[in-house]
Amino acid sequence: SRYHALVPAAGSGSRFGAPSPKQYLQLDGKPLMWHTLATLAAVPAIERVALVISPGDEWFDSYHWDDIAKLEVHRVGGASRAESVQNGLAALAAADDDWVLVHDAARCCLSVAAVERLIATLADDPVGGLLALPVADTVKRANAEQRVSATVPRERLWLAQTPQMFRAGCLTEALARGPVDVITDEASAIEQLGLQPRLVEGEAQNFKVTWPRDLALAKALLATRRG
Ligand code: CTP
Ligand code: MG
């Protein structure tokens, strides 16, 4: 089979609250998502790295991307993440049984090893799956007054990450069933088809840069990687 990466990067970063979207913040002298794209391009099995940016994106052209192999840019971002992925899939026009690894641009500390673990685990899987982490802390359910109404057993609870890896045809069908404004990740759309995505152990460093406080951690992690 063939493997392609699809990177939604058409968000505005409203929670981060910077003047530019968070995927363009400077990190080690490069835009944040340069690191994301470079990691995906460094995975030998991945043939194409399709980036989805907003049609009105005014930042992309200000930076250099030529050193990222396999990169192709599609200005087809939508109003929601799921819509951006849906449009990106159409632009990718992959064969139905090609694997597509959808990965958030804002998860810039992903390691090549984690992607290779995902691919190796799912290569012969009938459904596909995602990187995720078992919940480590005790989980509380709150009532309306923010008091604990229950302790939720954490056994078998996982936190979803990306990449999420599914066959292009299956994912296209799943997203088409929508509604795209309630689909928060690819796996949840696949679940709506009655399928059960496989959970593959991710890594703590593969967090999503969401708030300003996340940037210092990303900087430190990328610095240790360079050695
Ligand atoms: N994304 C996208 N198209 C959208 C919304 C989000 O491609 N309409 C992308 C983001 O650029 C990001 C990934 O989906 O790489 C995960 O989304 P999130 O972390 O929520 O980023 P933003 O939506 O930009 O941030 P916020 O929700 O704080 O506004
Ligand atoms: Mg968002």
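All of these numbers come straight from a predicted model, not from anything done at the bench.

Colleague: Please provide a residue-by-residue account of helix H2 (residues 81-92), values included.
Modeller: With twelve residues, H2 should reach 16 Å at 1.5 Å per residue; the first-to-last C-alpha distance of 16 Å fits that figure. In terms of burial, H2 is a largely internal element, nine of the twelve residues being buried. Residues Arg81, Ala82, Glu83, Ser84, Val85, Gln86, Asn87, Gly88 and Leu89 constitute the buried set of H2. Looking at the packing, one finds that the buried side of H2 touches strand E1 (3-8), strand E4 (46-52), strand E5 (71-74), strand E6 (99-102), helix H4 (168-176) and helix H5 (186-192). Looking one or two places after H2, you find alanine 93, whose phi comes out positive at around 50°.

Colleague: Can you lay out the UniProt feature "site: Transition state stabilizer" (unreviewed entry) in the chain for me, pointing to particular residues and giving the numbers?
Modeller: Using the residue numbers shown here, the UniProt feature "site: Transition state stabilizer" (unreviewed entry) corresponds to Arg15 and Lys22. Filtering out sequence-adjacent residues up to four positions away, arginine 15 remains in contact with Thr210 and Trp211. Residue lysine 22 is classed as buried on the basis of its 28 C-beta neighbours within 10 Å. With residues near it in sequence (within four places) discarded, lysine 22 still touches Gly13, Phe16, Leu32, Ala106 and Val209.

Colleague: Residue-level account of the environment of phenylalanine 60, with values.
Modeller: For phenylalanine 60, the location among the structural elements is in the loop between E4 and E5. Residue class for phenylalanine 60 comes out partly exposed when judged on the 17 C-beta atoms lying within 10 Å of it. When the C-alpha positions of phenylalanine 60 and proline 31 are compared, they lie 9.3 Å apart, and in sequence the two are 29 residues distant. Ignoring sequence-local partners within four residues, the contact set of phenylalanine 60 consists of Ile53 and Val73.

Colleague: Any details on the site of ligand 1? Residues and values, ideally.
Modeller: Surveying the vicinity of ligand 1 reveals 23 residues, the closest of which are Pro8, Gly11, Ser14, Arg15 and Ser84. Tallied by class, the residues present in the shell around ligand 1 amount to nine nonpolar, ten polar and four charged.

Colleague: Outline the pairing of E1, supporting the account with residue identities and numerical values.
Modeller: Of all the six residues making up E1, five are buried; the element is thus mostly covered by neighbouring parts of the structure. Here E1 runs beside E6; their pairing, made up of four bridges, is parallel. Counterpart to tyrosine 3 in the pairing with E6 is tryptophan 99.

Colleague: I'd like a description of the nonpolar core, backed by residues and values.
Modeller: If you look at the biggest cluster of nonpolar residues, it comprises 55 residues, and the most contacted ones within it are Leu6, Val7 and Val100. Ignoring anything within four residues of it in the chain, the contact list for leucine 6 reads Ala50, Val52, Val85, Gly88, Leu89, Leu92, Val100, Leu101 and Val102.

Colleague: Break down the packing of H2 against H4 for me, with residues and values.
Modeller: Two elements in contact, H2 and H4, have axes separated by 10 Å at closest approach and are oriented at 135°. Accordingly, the angle class assigned to the pair H2 and H4 is oblique. Here the hand of the crossing between H2 and H4 comes out left-handed. For the pair H2 and H4, the contacting residues are Ala82, Val85, Gln86 and Leu89 in the first and Ala168, Leu171, Thr172 and Leu175 in the second. A breakdown of the residues in the contact of H2 with H4 according to their chemical character gives six nonpolar, two polar and no charged.

What counts and what doesn't
- Residues numbered from 1 in each chain as written.
- Chains lettered and ligands numbered in written order.
- Predicted model: local features only at pLDDT ≥ 70, side-chain atom pairs only at ≥ 80, totals over all residues.
- Helix = DSSP H or I, 4+ residues; strand = E, 2+ residues; numbered from the N terminus.
- Expected span 1.5 Å × (residues − 1).
- Buried ≥ 20, exposed ≤ 12 C-beta atoms within 10 Å, placed from the backbone.
- Contact = placed C-beta atoms within 7 Å.
- UniProt positions renumbered as here; feature names shortened; annotations may be inferred.
- Near = placed C-beta within 6 Å.
- Nonpolar A, V, L, I, M, F, W, Y, C, P; charged D, E, K, R; others polar.
- Pairing = 2+ DSSP bridges.
- Core = buried A, V, L, I, M, F, W, Y, C linked by C-beta atoms within 7 Å.
- Axes fitted to C-alpha atoms, helices over the stretch in contact; angles between N-to-C directions.
- Parallel < 35°, antiparallel > 145°, perpendicular 65-115°, else oblique.
- Left-handed = near helix turned anticlockwise from the far one by under 90°.

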